[in-house]
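The chain contents come next:
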Amino acid sequence: MFQKVNPKIISGITGASTLTGNEEQVITQIVIDSRQILQAEHTLFVALRGAKADGADFIPALLQLGVSTFLVYEDFNENSFEKGCFIKVSDTRRGLQLLAKYQRSLFNNPVVGITGSNGKTIVKEWLGQILGQTYAVAKSPKSYNSQVGVPLSIFGIESYHQVAILEAGISKAGEMAALEEMIQPKLGIFTNLGTAHEEGFESIEAKLEEKLSLFSNAELLIYCADNKAVSERIEVVFPKDRLIGWSDSAGAEFTRSIKRMENGTRLILMKADLSTHTFLVPFTDVASVENITHVIVAAMTLGQAPAAIQEGIRQLKSVDMRLTLKPGINDSLLIDDTYNNDLAGLKVALDFMQQQRPKRRKILILSDLLQQGAPEKIYGEVTELIEKYQFDQLLGVGREIFFLEKEFPKTFVGYSSTDELLASLDPETFQNDLILVTGARVFGFEEVVNRLQQRIHGTTLEINLNALTHNYNFYKKLLSPKTNVMVMVKALAYGGGAVEIANQIQTMGANYLGVAFSDEGVVLRKQGIKLPIMVLNAMQESFGLCSEFGLEPVVFSPEFLESLASWCTVHGKTMKIHLDIDTGMHRLGFERKHLRELKALLLANPQLEVASIYTHLVGADEEIHRSFSLSQLNQFTAMKDEILQILPYKPLIHALNSAGIVAFPDFQFDMIRLGIGLYGVEVTGKHEQALRPISTLKTTVSQVKELEAGETIGYSRKGILPSKGKIATLALGYADGYDRRFSNGKGYVLIQGIKAPIVGNVCMDMCMVDVSGLDVKAGDEAIVYGEKISLKELADQIGTIPYELLTNISSRVKRIYYLD
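The present account deals with the structure reproduced in this document. (Residues numbered from 1 in each chain as written. Predicted model: local features only at pLDDT ≥ 70, side-chain atom pairs only at ≥ 80, totals over all residues. Heavy atoms only, no water.)

**Side note on the packing of helix α7 (residues 204-212) against helix α8 (residues 228-237)**
So, step 1. Running from N to C, α7 and α8 cross one another at 50°; their axes reach a closest spacing of 11 Å. For the element pair α7 / α8, the angle class is oblique. As for how α7 packs across α8, the hand of that crossing is right-handed. Of the residues in α8, those touching α7 at Leu208, Glu209 and Leu212 are Ala229, Val230, Arg233, Ile234 and Val237.
So, step 2. Residues that form the contact of α7 with α8 fall into these classes: six nonpolar, no polar and two charged. (Axes fitted to C-alpha atoms, helices over the stretch in contact; angles between N-to-C directions. Helix = DSSP H or I, 4+ residues; strand = E, 2+ residues; numbered from the N terminus. Parallel < 35°, antiparallel > 145°, perpendicular 65-115°, else oblique. Left-handed = near helix turned anticlockwise from the far one by under 90°. Contact = heavy atoms within 4.5 Å. Nonpolar A, V, L, I, M, F, W, Y, C, P; charged D, E, K, R; others polar.)

Listed below in structure tokens is the structure:
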């Protein structure tokens, strides 16, 4: 639907103060990411400013690509550019929002706005899938619900869409006004009210009021009338004729009755006119049944026939609504986007694919894009995307997908069904490939993913790349804009998997990586990581590897420096090094007594270039050690100044780790080292709520046993059930990194959201938990740690630290990376 505009129109919409350049250039695309340019000459680039980067820094490169129109801040100096059209505004983010408001105003079909504390994305996705049985649906990609995400979602609405579903998320007071102005929902859905982002509001009541403001001009609002804290306020704020409440008690617009069965729930809705509709849904948990009720009520309100709704539900599963990166067979990487079926989501998936490290081939497995409008137009856009991202092989499933065959005759292979694709799919033909699997739910592409993914046992470590980015940006906001960031990825990136984490960090704009040993750095280099890499513990036998792969060793003693200098002289090499200054850790490093010798050695060995000088704080995470930490910093300042006097150049200076960034902001120097904080653990305790845990360790129930009172469990008969009950055996043991100290009730897991304590000793490959009173069966999921089980709490239980629990996770546990 994107209405073509030109710089003159954009200037009027955004209230620009200055417009220079070609006012009549036709604009058909608005982007904020330089990697998403399709038709450069018809693109408006909005130069946002953020914690990671200033979009204006990319303008020279974009001009080279052919982009000529830019929305920039008023302080931007365009005089250094010979060409380009520059539209100057006081705030480019606000300008982006005003453009979205304009584009939204041109769409006359129903727009559904969804907000709440939890369930927004799942309700949006399920509603989109079910409405897609009948209508052409536009919806926010993934969790594009922010001040920037909502405009991008609106730009994806096309004229052929019959309904649009937009999600709105806020984290502090005052944010919803801009979202409401853009979304302008005709039908609203309020999912629920919880504690998420509570720190951004004066009270829970203030948060509710802010969220409800999304619906101030909506014609109808769907909500659960049984949530009294929400419904009582809604029924005061909004006129009764605008409300569609549902309840398990009589009196609401929809009265719900549910009956849970073995493999799902029978859900009966009776309307106020006494008409009754029955739906079978494949969920039994409270949250999913609540979410699907919102969806069904919304679909009925929009006029969808109950039979079509039921057909849509039949195709639903409690699917993973995330873009996930999984280990594939034969060292391939597999991007699982098997629930997606629209152009906006495809663009997000392709952009995510582009950020991954290079592989032998790029392969796209794609289904028909159902209910998306005229095939000629849709597959014309798909063709542009495929040409931009340059695939080596295309596998298509469906009927309309064959439109791509004439455009890509050498690389396209089409199949009429997923079964036909699976019958011809030989996993062994995939070697070191990057594979994106994306398609509509009806095509069941999960089977394709299962065929191509690496086979490892049922315990997985899921890493949320959005949470990683969130944590990185949190620390960036604490830093001076000039402060560089070194991210520590030693010990498999604190258990998360060094290569994928390093690739994400490289994409985010970090300046340096830190590893423990040379072989860790070699692996990163072989997988396409380009950032400078500091090696903390380089051995003499690894000097050759450091030179070959551009790794920069830490030098910590006169003897080590002499050895490295000698090697470089003999081999005719130069090498960058990092000087470790010992100010109190007393582990490795030059002490003050070594300075004279160190300076002499540096002067005598110009083949060694000092890339940085650093020290390590002993107790930055504990207030009791504050005076000692300050003495370390003062001592380091004096020592590094003495070294700098003899160097003809200025190396980077750094002292602060994650805790130090928070505790000693005045000592950022040139760079900080971000470690445990990036992975979601804030060790000072001052900003614990601001960080998001990035990893969730999950396993599965292998078997459930019923035991009589007094029966024992496990080796040495250490586990005993005091009364009759049940135990579940989990596919998790100390060989996976689950600490044996969690035995006999010290540890627990979450099954169906309820704590199940460990009984007996943790075995090498298994452990047992008490599930008495729970309806647990083989195959059920158990959460070992994650958002609802604090790593710090678990570490305290066994007298250790979160670092140890993170780094203990063994390599046989499959790592899965996703965008939520």
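Okay, back to it.
**Considering the environment of Gln162**
So, step 1. Take Gln162: it is sitting in the loop between α5 (149-155) and β8 (163-167).
So, step 2. Along the chain, Gln162 and Leu794 lie 632 residues apart, while their C-alpha atoms are 50 Å from each other.
So, step 3. The contacts of Gln162, once residues within four sequence positions are left out, are Phe107, Asn109, Pro110, Thr134, Tyr135 and Ala136.

**Regarding the sheet that holds strand β11 (residues 243-247)**
So, step 1. Pairing is mixed across the open sheet formed by nine strands, whose spatial order is β7-β8-β6-β9-β10-β11-β12-β13-β14. On the outer flanks of this sheet lie β7 (137-139) and β14 (276-281), each paired with one strand and no other. Taking the axes of each pair of neighbouring strands and ignoring which way they run, one obtains an average angle of 20° across the sheet.
So, step 2. Bridge count between strand β6 (residues 111-115) and β8: four bridges; the pairing is parallel. The partner of Val112 across the bridge, within β8, is Ile165. (Pairing = 2+ DSSP bridges.)

**Focus: α8**
Turn by turn, an α-helix covers 3.6 residues, leaving residues three or four places apart pointing in a common direction.
So, step 1. Burial in α8 covers these residues: Val230, Ser231 and Ile234. Buried positions in α8, seen along its axis, are confined to an arc of 90° and lie on one side of it. Exposed and oriented more than 90 degrees from the buried face of α8 are Lys228, Ala229, Glu232 and Val236.
So, step 2. Structurally, α8 contributes buried residues whose contacts are with β9 (187-190), α7, β10 (220-224) and β11. (Buried < 20%, exposed > 50% of the residue type's maximum accessible area, 1.4 Å probe, protein only. Arc of directions from axis to C-beta.)

**Some words on the pattern of salt bridges**
So, step 1. Under the counting rule described, the total for this entry stands at 30 salt bridges.
So, step 2. Between Lys326 and Asp336 there is a salt bridge, and its shortest N-O distance comes to 2.9 Å. Of this pair, Lys326 sits in strand β15 (residues 323-327) while Asp336 is found in strand β16 (residues 333-337), placing the two residues 10 residues apart along the sequence. With respect to class, Lys326 is no different from Asp336; both count as buried.
So, step 3. The residue Asp433 makes a salt bridge to Arg360 at a minimum N-O spacing of 3.5 Å. Separated by 73 residues along the polypeptide, Asp433 in the loop between α13 (418-424) and β20 (434-438) and Arg360 in the loop between α11 (343-354) and β17 (362-367) bring together distant segments of the chain.
So, step 4. Residue class for Asp433 comes out buried when judged on its relative accessible area of 0%.
So, step 5. Among the residues examined, Arg360 registers a relative accessible area of 46% and is labelled partly exposed.
So, step 6. Through salt bridges with shared partners, a single ionic network connects Lys124, Glu125, Lys139 and Glu167. (Salt bridge = Lys/Arg side-chain N within 4 Å of Asp/Glu carboxyl O.)

**Some words on unusual backbone geometry**
Excluding glycine, a negative phi dihedral is what most residues carry, and trans is how most peptide bonds are arranged.
So, step 1. Positioned with a positive phi, Arg717 is a non-glycine residue whose angle comes to about 55°.
So, step 2. Looking at the secondary structure, you find Arg717 in the loop between β31 (712-713) and β32 (719-720).
So, step 3. Residue class for Arg717 comes out exposed when judged on its relative accessible area of 58%.

**Concerning the pairing of strand β5 (residues 85-89)**
So, step 1. For β5, a buried count of five out of five residues is recorded, marking the element as mostly surrounded by other parts of the structure.
So, step 2. With burial as the criterion, each face of β5 is covered, one bearing Cys85, Ile87 and Val89 and the other bearing Phe86 and Lys88.
So, step 3. Bridge count between strand β1 (residues 18-20) and β5: three bridges; the pairing is antiparallel. Following the sheet pairing, Thr18 is matched in β5 by Lys88.
So, step 4. Both strand β4 (residues 69-73) and β5 contribute to a ladder of five bridges, which runs parallel. Bridge pairing links Tyr73 to Val89 in β5.

**Considerations on the packing of aromatic side chains**
So, step 1. All chains considered together, the criterion is met by 16 aromatic pairs.
So, step 2. Centroid distance Phe81 to Phe86: 5.8 Å. Interplanar angle 35°. Geometry classified as tilted.
So, step 3. What makes Phe81 partly exposed here is its relative accessible area of 22%.
So, step 4. Among the aromatic residues, those joined into a cluster by ring pairs are Phe45, Phe70, Phe76, Phe81 and Phe86.
So, step 5. Just above the ring of Tyr73 sits the side chain of Arg49; from NZ or CZ to the centre is 4.1 Å.
So, step 6. Taking NZ or CZ as reference, Lys388 lies 5.5 Å from the ring centre of Tyr389, over its face. (Phe/Tyr/Trp six-rings, centres within 6.5 Å; stacked < 30°, edge-to-face > 60°. Lys NZ or Arg CZ within 6 Å of the ring centre and 35° of its normal.)

**Some words on empty space enclosed by the protein**
So, step 1. Under the counting rule described, the total for this entry stands at five cavities of 30 Å³ or more.
So, step 2. Its volume calculated, the largest cavity comes out at about 60 Å³.
So, step 3. Residue lining of the largest cavity: Leu697, Gly737, Tyr738, Asp739, Phe742, Val784, Tyr785, Leu794, Leu805 and Ile809, and that is the complete set. (1 Å grid on protein atoms, 1.4 Å probe; cavity = no way out; pocket = protein on both sides within 12 Å on 5 of 7 lines; lining within 4 Å. Points joined across faces, edges and corners; volume = space filled by probe spheres on them.)

**Structural notes on the layout of surface pockets**
So, step 1. Each pocket or cavity is described by its volume, and for the second largest pocket that value is around 480 Å³.
So, step 2. Taken together, 22 residues line the second largest pocket, and the ones lying closest to its centre are Pro327, Gly497, Glu500, Arg815 and Tyr817.

**Structural notes on the packing of helix α21 (residues 595-604) against helix α22 (residues 626-644)**
The angle between the axes and the distance between the axes are what describe a pair of packed helices.
So, step 1. Running from N to C, α21 and α22 cross one another at 30°; their axes reach a closest spacing of 10 Å. The interaxial crossing formed by α21 with α22 has right-handed handedness. Here α21 contributes Leu595, Leu598, Lys599 and Leu602 to the contact with α22, which in turn contributes Met639, Glu642 and Ile643.
So, step 2. For the contact of α21 with α22, the per-class residue count stands at five nonpolar, no polar and two charged.

**Remarks on the sheet that holds β4**
So, step 1. Pairing is mixed across the open sheet formed by five strands, whose spatial order is β1-β5-β4-β3-β2. At either margin of the open sheet sits one strand with a lone partner, and together these are β1 and β2 (29-31). For this sheet the average axis-to-axis angle between neighbouring strands, irrespective of direction, equals 20°.
So, step 2. On top of the sheet, helix α1 (residues 7-14) reaches β1, β3 (43-46), β4 and β5; it is set at about 5° to β5, its chief contact.
So, step 3. Contacting β2, β3, β4 and β5, helix α3 (residues 92-105) crosses the sheet at an angle of about 130° to β4.

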